[in-house]
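This is what each chain is made of:
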Amino acid sequence: MAGTARPVTLRFIADSLGLHVSTVSRVLNGAAHDGARAASGDTAERIRELAAELGYRPNPHATSLRTERSNLIGVLVPRLSDLVLATVYEGIEEAATDHGLSAFVTNTRDDPETQRKRTKMVLDRRVDGLIFGDAHADGRFLDEIATAGTPFVLVNRRAGDHPAITCDDYLGGRLVAEHLLELGHEDVAVIAGEPYASTAIDRAAGFVDRYREAGVTIPAHRIVHSRFDTAGGRQAAEQILRDRRPSAIFAVNDFAAIGAAGSARDHGLRLGADIAMVGFNDTPLAAELPIPLTTVHSPMREMGRRAAESLVRLLGGEPVESERLRPTLMVRASTSP
């Protein structure tokens, strides 16, 4: 049909620049670091500029057949409606794109059977590698995946000896404890999250250990597990507040802290005046609450980026090590002296 543009081919670009078609192919269809080795920096830049100008689009099916790589990575998270996990995934997607890869995500609801089924579904799409954001601390399922030989890394949560990119959650818990101890809070409680998640385990452990070092033992009934959401935080706070009121509550997740704050309000307590409250992650909502929430800033997007970059190195045959990124305490009105 007249006026229908024909697709721009690798050969057309190669002939236009006086290059061999294989050189152009390696630059445009390889990962970013492969393209750099395929041609000098100036040549690779000329190829990419002309390709962009002409609107060249690689054929993913032809690339997959030629390289035996799909250039796909699968990401598994408990639920993408969780703002923390959504932010982590944004970092994964950004870094994957930088390396010529496409990422897609599926939700497992933190249910082991769903995790198993969704992982099989992802593997059936012939992904090059996996990123798990839903690791359970026992690590048994991940051991099976490792035995099968599919490259993977963990993000946000750790498990066993598998490579994981996380916040230093234990240090984050200690930072909260030091802050509350400095304010004189000794009668404290912990909303400790899900007992199978390393984020909950490590944050609560760092907090409890720092109090123990200060000579204060937090009683077992003051440590209440909950879901990582506002309803879970509210339920845990109700359990805590039925007993003698603590002077401060540390919730290992911002949304649990917000739910706990609602419970405290229902009990006639003023946040930052009658009871101190601390969360974790520093989601954007934390600073915008009527009484801004003291919380621990976790580098969520950076975790995602580094997880994707670690997976790229694994796919290239390089060894990778686990990383724990440093958290920062963000002091706000919910822990006013």
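Please read these numbers as outputs of a predicted model, since none were measured by experiment.

Caption draft 1: Representation of the overall build of the chain. Looking only at helices and strands, one finds 13 helices and twelve strands in the chain. A principal-axis box enclosing the C-alpha atoms of the chain has dimensions of 80 × 40 × 40 Å. Looking at the 337 residues of the chain, the share that counts as buried comes to 51%. Put simply, 68% of the contacts in the chain that link residues at least 6 apart link residues at least 24 apart. Carbon and sulfur atoms make up 50% of the accessible area of the chain, which totals about 16100 Å². In the chain, 39 side chains carry a positive charge and 45 a negative one; their mean positions are 3 Å apart.

Caption draft 2: Quick look at the pattern of salt bridges. Within this structure, the stated rule accounts for 22 salt bridges. Ionic pairing is found between Glu-94 and Arg-305, a salt bridge with its closest N-O pair at 3.5 Å. Here Glu-94 is found in helix H6 (residues 83-98), whereas its partner Arg-305 is found in helix H13 (residues 300-315), with 211 residues between them in sequence. The exposure class of Glu-94 is partly exposed, given its relative accessible area of 32%.

Caption draft 3: Fine view of the sheet that holds strand S3 (residues 129-132). Taken in spatial order, the six strands line up as S2-S1-S3-S4-S5-S11 in an open sheet, and their pairing is parallel. Edge positions in the sheet fall to strand S2 (102-107) and strand S11 (323-325), since each of these pairs with one other strand and no more. Ignoring strand direction, the axes of neighbouring strands in this sheet form an average angle of 20 degrees. The strands touched by helix H7 (residues 112-124) are strand S1 (72-77), S2 and S3; relative to S2, the strand with the most contacts, the crossing angle is about 155 degrees.

Caption draft 4: Quick look at the packing of helix H1 (residues 10-17) against helix H2 (residues 21-29). Two elements in contact, H1 and H2, have axes separated by 9 Å at closest approach and are oriented at 115 degrees. The interaxial crossing formed by H1 with H2 has right-handed handedness. In this structure, H1 contributes Leu-10, Arg-11, Ile-13 and Ala-14 to the contact, and H2 contributes Val-21, Val-24, Ser-25, Leu-28 and Asn-29.

Caption draft 5: Spatial organisation of the pairing of strand S8 (residues 248-251). Burial of S8 is two-sided: the residues Ala-248 and Phe-250 facing one way and the residues Ile-249 and Ala-251 facing the other way are all buried. Two elements, S8 and strand S9 (residues 276-278), share three bridges in a ladder whose sense is parallel. In the sheet register, Ile-249 faces S9, and the bridge partner there is Met-277. What joins S8 to S9 is helix H12 (residues 254-266), and the crossover it makes is right-handed.

Caption draft 6: Main features of the packing of aromatic side chains. In total, this model carries four aromatic pairs according to the counting rule given. Pairing Phe-207 with Tyr-211 gives two aromatic rings, centres 5.0 Å apart and planes at 45 degrees, and the pair type is tilted. Of this pair, Phe-207 and Tyr-211 are both found in helix H10 (residues 198-213), four residues apart, which corresponds to roughly one turn of the helix. Of the two residues examined, Phe-207 and Tyr-211, each falls in the buried class. Arranged with centres 5.0 Å apart and planes meeting at 35 degrees, the rings of Phe-207 and Phe-250 form a pair that is tilted. Placement of the pair is Phe-207 in helix H10 and Phe-250 in strand S8, with a sequence separation of 43 residues. Take Phe-207 and Phe-250: they sit in the same class, and that class is buried.

Definitions and limits used
- Residues numbered from 1 in each chain as written.
- Predicted model: local features only at pLDDT ≥ 70, side-chain atom pairs only at ≥ 80, totals over all residues.
- Heavy atoms only, no water.
- Helix = DSSP H or I, 4+ residues; strand = E, 2+ residues; numbered from the N terminus.
- Buried < 20%, exposed > 50% of the residue type's maximum accessible area, 1.4 Å probe, protein only.
- Contact = heavy atoms within 4.5 Å.
- Areas by Shrake-Rupley, 256 points an atom, 1.4 Å probe, with all protein chains shown as cover.
- Lys, Arg positive; Asp, Glu negative; His and termini not counted.
- Charge placed at Lys NZ, Arg CZ, Asp CG, Glu CD.
- Salt bridge = Lys/Arg side-chain N within 4 Å of Asp/Glu carboxyl O.
- Pairing = 2+ DSSP bridges.
- Axes fitted to C-alpha atoms, helices over the stretch in contact; angles between N-to-C directions.
- Left-handed = near helix turned anticlockwise from the far one by under 90°.
- Right-handed = clockwise from strand over helix to strand, strands pointing away.
- Phe/Tyr/Trp six-rings, centres within 6.5 Å; stacked < 30°, edge-to-face > 60°.

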